[in-house]
Amino acid sequence: MFEQEINELENMELFDDYTILKGSIPVLFSAPHTMYQLSDDGTTKLKEPYTKAIALYLNKYCNTYAIIKNTDTGIDSNRDNYDEYNVEMRRLIKENNIRLVIDLHGASKDRNFDIEFGTLNSLSADFSTIKELEEAFTENHINNINHNNPFKGGAITQGIYSLDDVDVIQIEINGKYRDYNKNYEFKEGTLNKYPFALFIIDEASAMFNQLANNSEKKELERKIINVLNLVRDYGIGIIFSTQ
């Protein structure tokens with residue numbers, strides 16, 4: 001069931017240059033490299049499989065926000081933070097009070113890490129957010145985690161870092177934990193105990209404290225409890241971090 005659904009999401013046809021999906025939890029997943037891109041030197045930059053599927057899956061089951069780039073516009077959105085994708089992402093963040101952005105990227109299976117966090121040398125996210133995210137991976141036996149080596153965070157991370165009260169992390173996911181079709185370990189079931197992706201609710205205390213009255217707090221609490229109850233069935237790690 002999961003294999004079928006994750007492949008359907010990866011192969012879903014999305015129109016326009018980018019797709020924005022709204023949610024109720026102030027966490028945004030960005031997937032800017034879902035397509036082949038022609039570089040300035042005439043070479044082709046490969047797409048990063050299943051970054052789109054992860055963003056769609058988390059929007060569907062965790063009600064997080066998502067922005068997905070669908071077509072090659074001639075601009076790599078992680079190299080130019082003034083392109084339309086970045087401008088619309090920052091508008092989405094401001095209008096919906098997004099507190100955490102995870103910029104999803106796919107690394108080769110040949111890389112010497114499982115996961116890599118790019119945080120502009122720990123500037124773009126609070127230490128507690130980075131630490132709890134790392135613990136979520138290690139608790140699921142994904143231990144080979146790099147920080148800002150070799151990727152410190154591209155134009156997306158740099159652009160969002162300039163905003164107030166938003167944490168942003170560029171996450172590079174090794175192909176063995178991401179590319180479902182080419183990963184025989186997934187198909188053989190030897191990685192069943194590992195989560196396919198992590199869902200992060202950032203700054204839980206801050207979200208509650210900023211609300212003006214008890215009715216708003218109760219409504220946010222209800223939404224979070226509903227999400228928690230739903231995702232337990234899908235093997236997704238839940239992290240609460242406070243700032």
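Before going into details, it helps to say that this report is about the structure given with it. (Residues numbered from 1 in each chain as written. Predicted model: local features only at pLDDT ≥ 70, side-chain atom pairs only at ≥ 80, totals over all residues. Heavy atoms only, no water.)

## Considerations on the overall build of the chain
(1) Moving on: Along the chain, the regular secondary structure elements total eight helices and 11 strands.
(2) Moving on: Accessible surface, the chain: about 11800 Å² in total, of which carbon and sulfur atoms supply 46%. (Helix = DSSP H or I, 4+ residues; strand = E, 2+ residues; numbered from the N terminus. Areas by Shrake-Rupley, 256 points an atom, 1.4 Å probe, with all protein chains shown as cover.)

## Looking at the nonpolar core
(1) Moving on: Counting 32 residues, the largest nonpolar core has I115, F117, I169 and I171 as its most contacted members.
(2) Moving on: Mapped onto this core, the elements with two or more residues apiece are α1 (2-10), β2 (25-31), α2 (51-62), β5 (64-69), β6 (100-107), β7 (115-118), α4 (127-138) and β9 (167-174).
(3) Moving on: Considering each element in turn, this core owes the most residues, eight residues, to α2.
(4) Moving on: For I115, the contacting residues outside a window of four places in its chain are F137, I142, N144, I145, N146, I171, E172 and I173.
(5) Moving on: If you look at the next biggest cluster of nonpolar residues, it comprises 15 residues, including M89, V101, L163 and V166. (Core = buried A, V, L, I, M, F, W, Y, C linked by side-chain atoms within 4.5 Å. Buried < 20%, exposed > 50% of the residue type's maximum accessible area, 1.4 Å probe, protein only. Contact = heavy atoms within 4.5 Å.)

## Comments concerning the pairing of β6
(1) Moving on: Of all eight residues making up β6, eight are buried, and the element is well covered by its neighbours.
(2) Moving on: Where burial is concerned, the two faces of β6 agree: the one with L100, I102, L104 and G106 and the one with V101, D103, H105 and A107 are both buried.
(3) Moving on: Inspection of the sheet shows β2 paired to β6 by four bridges, in the parallel sense. Bridge pairing in β6 links V27 to L100. (Pairing = 2+ DSSP bridges.)

## Describing the packing of aromatic side chains
(1) Moving on: In this structure the tally under the stated criterion is two aromatic pairs.
(2) Moving on: Between Y57 and Y61 the ring centres are 4.9 Å apart and the planes differ by 55°, which places this aromatic pair in the tilted class. Taken together, the positions of Y57 and Y61, both in helix α2 and four residues apart, correspond to about one turn of that helix.
(3) Moving on: Under the relative-accessibility criterion, Y61 is labelled buried at 10%.
(4) Moving on: Ring plane angle 50° and centroid distance 6.0 Å describe the contact between F117 and F137, whose orientation is recorded as tilted. Taken together, the residues span a long stretch of sequence, with F117 in strand β7 and F137 in helix α4 at a distance of 20 residues. Comparing F117 with F137, the two get one shared label, buried.
(5) Moving on: Above the face of the Y82 ring, R90 is positioned so that its terminal group lies 6.0 Å from the ring centre. (Phe/Tyr/Trp six-rings, centres within 6.5 Å; stacked < 30°, edge-to-face > 60°. Lys NZ or Arg CZ within 6 Å of the ring centre and 35° of its normal.)

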